[in-house]
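An overview of the molecular structure
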Amino acid sequence: MAGFGGAVKLTGESEYRKALKSITQDLKEVDSELKVVASQYDKNDKSQEALTAQSEALSKKLEAQAKKVGILKDNYSAMSAQAEANKQKHAALKTELENAVSELEKIEKESGKTSAEYKLQAGYVSGLATEVTKSTKTLEQNETAMSKMRTELTNATTEM
C-alpha cells in the first residue's frame, strides 16, 4: 500500500499580497500628489505649467497602476497553474481512496472484518478519507482565493 499524501494548497499568495499592498500604497501616494498638483492651480488654470504638472502626476499614477496589473497577471498565472496541479493531485488522491475502499471490500469478503489485514486496510482507508476531506476543503479555499484575485485583476485593469 502506498502512503497517503497531504492537503494541496496554493503557495505564493503571501508574496502576492505583499507586492499588492506595496503598489496600492504607491498608488495612494501618487493620488495624493495628483491632488496637491490640482489644488496648486486654479480650476480654470490651463497654463502650460499646470497641464505639465497634471500630466506628470497622471503618468506616475498610470505607471503604478500598470505595475499593479502586471504583478496581478503574473501571480494569477502562477496560482492558476498551481491550482490546476492541485486539482490533479486531489483527483489522484480520490482515485487512491476508491481503490483502497475496493481493496477493503475484497479483504472483507475473503478474510472477514476481524482479520488483521482488514483492520490495517480500514485504518489506511480512514486516513485517506481524512486526507480527501482536507484536500477538498483546501481546493474550495483555493477557488475562493482565485476568484478574489480575478476580481482584483479586473478592477485594476478597469481602473488603469
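Residues numbered from 1 in each chain as written. Predicted model: local features only at pLDDT ≥ 70, side-chain atom pairs only at ≥ 80, totals over all residues. Heavy atoms only, no water.

Below, the discussion takes up the environment of Lys134. Looking at where Lys134 falls in the secondary structure, it is placed in helix H3 (residues 116–159). Judged by its relative accessible area of 43%, Lys134 falls in the partly exposed class. Along the chain, Lys134 and His90 lie 44 residues apart, while their C-alpha atoms are 9.9 Å from each other. (Helix = DSSP H or I, 4+ residues; strand = E, 2+ residues; numbered from the N terminus. Buried < 20%, exposed > 50% of the residue type's maximum accessible area, 1.4 Å probe, protein only.)

Once that is clear, we can look at the pattern of salt bridges. A full pass over the atoms with the stated rule returns three salt bridges. A salt bridge links Lys87 to Glu143; the nearest nitrogen and oxygen atoms lie 3.4 Å apart. Remark: Glu143 occurs in helix H3 and Lys87 occurs in helix H2 (residues 48–111); sequence separation between them is 56 residues. The exposure class assigned to Lys87 is partly exposed, which follows from its relative accessible area of 37%. Salt-bridge contacts for Lys134 lead to Glu131; the nearest nitrogen and oxygen are separated by 3.7 Å. Here Lys134 and its partner Glu131 are both found in helix H3, three residues apart, which amounts to about one turn of the helix. (Salt bridge = Lys/Arg side-chain N within 4 Å of Asp/Glu carboxyl O.)

Right, let's talk about the side chain of His90 for a bit. As for its position among the elements, His90 is in helix H2. Here the side chain of His90 touches Thr136 through a polar contact of 3.4 Å, side chain to side chain. When residues no more than four places from it in sequence are discounted, the contact partners of His90 are Val132, Ser135, Thr136 and Leu139. (Polar contact = N/O pair within 3.5 Å; in protein donor to acceptor, adjacent residues only side chain to side chain. Contact = heavy atoms within 4.5 Å.)

What follows deals with H2. Here H2 is 64 residues long and its end C-alpha atoms lie 92 Å apart, about the 94 Å a rise of 1.5 Å per residue gives. With its phi angle positive at about 90 degrees, Gly112 sits one or two positions after the end of H2. (Expected span 1.5 Å × (residues − 1).)

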